[in-house]
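An overview of the molecular structure
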Amino acid sequence: MQQITKNIYTETQIRGCDPSMVFTSEGAVFIDTAQWITNLEQMIAFAQEKCGSIRYLINTESHIDHIFGNHWLKKAGATIIGQEKILDSFFKIPPSFNMTTHDYNVDIIRRQDPTALNRMPSEKEYIVAKPDITFGDNLTLKLGSHTFRCVHTPGHSPEQTSVYVPEERCVFVGDNIFNDCQIWLHSVDFDDLFKSLDWLNGLDVDYIIPGHGPVRGKECIVQNKQFLYDWLATVADGINKGWSKEECIARINFADRCPVDIGQPECMEYIQTNNVRISYDYLMRKRDI
Ligand SMILES: [Zn+2]
């Protein structure tokens, strides 16, 4: 675990998202959750020891690498918060994965955290930990001397949420930012994402805690935009050459640019294929307008 500021800890070195914690004088607030049972249990124990109680969990999105641990946080006493659209896709994985979400989770734990497999709850027990509180545009939480501004910042997903904590000069942005690793575009809305990144750029912060990869300053916003533009420009170039979508998928690839986030190299082809497909569909829609 990495300490970012006096009161903020995050974990960037495990498979899954960067689960984080903010310690306040009135208890801990988690932002997203680890996808490892052992790690989840360690973070919860650490928060309870340092901070007394766990008050809230804020989910930045519905994807399983962010909500995997809701079950454990709920049991530890957290009230769960999420943007209202999170309920549309909560606990769902892409149909192309060809298995139930619960089986998918069990498979991940069996491969990566096998000694904890006996602590994986049943499907019936597991799916109940949906957000207790949902919001539309934004929600402000005050806890001790800390402010948590949860802002709907769609882009990577329709429900995407950023959590701005001004007292720590820090913002948690979930998967609107990927640092030093492949960007997943499978559920992106490009127009929303560029708007949200511009909003992010207006914040007075020192630290951006991304969904995946290391913590950076605001320079990572431009780097992410550049990667997005590279996807769009390269696919646009293919379209201009008369390539079909399948030809674009076969010929365009940014796999050599950076790795997939820790522990999931097997996802590289899925990411490349989907990123071309999504970019192609977006550009063709724009051309029709
Ligand atoms: Zn993610």
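All values reported here derive from a predicted model rather than from experimental measurement.

The rules we used
- Each residue is numbered by its place in its chain's sequence as written, counting from 1.
- Restriction of local features to residues with pLDDT of at least 70 applies here, the model being predicted, together with a cutoff of 80 or more for giving and counting side-chain atom pairs; totals for whole chains, interfaces and linings are based on all residues.
- To qualify as a helix, a DSSP run of H or I must reach at least 4 residues; to qualify as a strand, a run of E must reach at least 2; elements of each kind are numbered from the N terminus.
- The atom set for the radius of gyration is the C-alpha atoms, and the globule formula is 2.2 Å times the number of residues raised to the power 0.38.
- Put plainly, a residue is buried at 20 or more neighbouring C-beta atoms within 10 Å of its own, exposed at 12 or fewer, and partly exposed in between, counting only other residues' C-beta atoms, which are placed from the backbone.
- Working definition of a contact: two residues with C-beta atoms, positioned from the backbone, lying within 7 Å.
- For the domain bounds, the source is a domain assignment made automatically or taken from a database.
- Any residue that is not Ala, Val, Leu, Ile, Met, Phe, Trp, Tyr, Cys, Pro, Asp, Glu, Lys or Arg is counted as polar, Gly included; the first ten are nonpolar and the last four charged.
- Between any two strands, pairing holds if DSSP finds at least two bridges.
- Axis definition: a line fit to C-alpha positions, over the contact stretch in the case of helices; interaxial angles, taken between N-to-C directions, run 0 to 180 degrees.
- In this analysis, the expected span of each helix is defined as 1.5 Å times one less than the number of residues it contains.
- Regarding the arc, it is the one traced by the directions from the helix axis to the C-beta atoms.

1. Notes on the overall build of the protein
Helix and strand counts for the protein come out as ten helices and twelve strands. Whereas a compact globule of 289 residues would reach a radius of gyration of roughly 19 Å, the protein reaches 19 Å, a difference of no more than 12%. Along the three orthogonal principal directions, the C-alpha set of the protein runs to about 60 × 45 × 30 Å. Classification of the 289 residues of the protein by burial places 41% in the buried group. Expressed as a percentage of contacts within the protein between residues at least 6 apart in sequence, the contacts between residues at least 24 apart total 64%.

2. Description of unusual backbone geometry
Apart from glycine, the bulk of residues carry a negative phi angle, and the bulk of peptide bonds sit in the trans form. Within the chain, phenylalanine 91 stands out as a residue other than glycine whose phi angle is a positive 65 degrees. The residue phenylalanine 91 is located in the loop between α4 (86-89) and α5 (101-112) in this model. In this structure phenylalanine 91 comes out as partly exposed when scored by C-beta crowding, with 19 C-beta atoms within 10 Å. A positive phi angle, close to 50 degrees, is found at arginine 169, a residue other than glycine. The topology assignment puts arginine 169 in the loop between β10 (161-165) and β11 (170-178).

3. With respect to the domain arrangement of the protein
Along its sequence, the protein is carved into domain 1 (2-218) and domain 2 (225-288). Of note, the centres of domain 1 and domain 2, computed from C-alpha atoms alone, are 26 Å apart. Between domain 1 and domain 2, the residue contacts involve 16 residues of the former and 17 residues of the latter. Each residue belonging to the side of domain 1 that touches domain 2 can be placed in one class, and the counts come to eight nonpolar, six polar and two charged.

4. Focus on the sheet that holds strand β2 (residues 8-10)
Reading across from one edge, β1-β2-β3-β4-β5-β6-β7 is the order of the seven strands in this open sheet, with mixed pairing throughout. Unpaired on one side and paired on the other, β1 (2-5) and β7 (133-135) mark the two borders of the sheet. Taking each pair of neighbouring strands and ignoring which way they run, the sheet shows an average axis angle of 20 degrees. In terms of strand pairing, strand β5 (residues 54-58) meets strand β6 (residues 79-83) through three bridges, oriented parallel. Bridged to leucine 57 within β6 is isoleucine 80. Helix-sheet contacts for helix α1 (residues 37-51) involve β3 (20-24), β4 (27-31) and β5, and the interaxial angle to β3 is about 10 degrees.

5. Regarding the sheet that holds strand β12 (residues 207-212)
Taken in spatial order, the five strands of this open sheet run β8-β9-β10-β11-β12, and their pairing is mixed. Edge positions in the sheet fall to β8 (138-143) and β12, since each of these pairs with one other strand and no more. Averaged over all pairs of adjacent strands, the angle between strand axes in this sheet comes to 25 degrees, irrespective of strand direction. Here five bridges tie β11 to β12, and the two strands are oriented parallel to one another. If you follow cysteine 170 over to β12, its bridge partner there is tyrosine 207. Against the sheet, helix α7 (residues 190-201) makes contact with β10 and β11, and its axis sits at roughly 155 degrees relative to β11, the strand it touches most.

6. With respect to the environment of glutamine 160
Residue position: glutamine 160 is located in the loop between β9 (146-152) and β10. For glutamine 160, a count of 29 C-beta atoms within 10 Å corresponds to the buried category.

7. Overview of helix α8 (residues 219-240)
Relative to the 32 Å expected for 22 residues at 1.5 Å per residue, α8 spans 32 Å between its end C-alpha atoms, a close match to the ideal helical length. When we look at burial in α8, the residues that qualify are Cys220, Asn224, Leu228, Trp231, Val235 and Gly238. Seen from one end, α8 has its buried residues packed into an arc of 90 degrees, which puts them on one side. Residues Glu219, Val222, Gln226, Ala233, Asp237 and Asn240 are exposed on α8 and point more than 90 degrees away from its buried face. Structurally, α8 contributes buried residues whose contacts are with β11, α7, β12, α9 (245-251) and α10 (268-288). Taken from the residues just after α8, glycine 242 is the one with a positive phi, measuring 90 degrees.

8. Remarks on α5
For α5, with twelve residues, the first-to-last C-alpha span of 16 Å sits near the 16 Å given by 1.5 Å per residue. For α5, every residue scored as buried is listed here: Asn105, Ile108 and Ile109. Seen from one end, α5 has its buried residues packed into an arc of 95 degrees, which puts them on one side. Seen from the open side of α5, the exposed residues pointing more than 90 degrees away from its buried face are Asp107, Arg110 and Arg111. Against the buried residues of α5 lie α1 and α2 (64-67).

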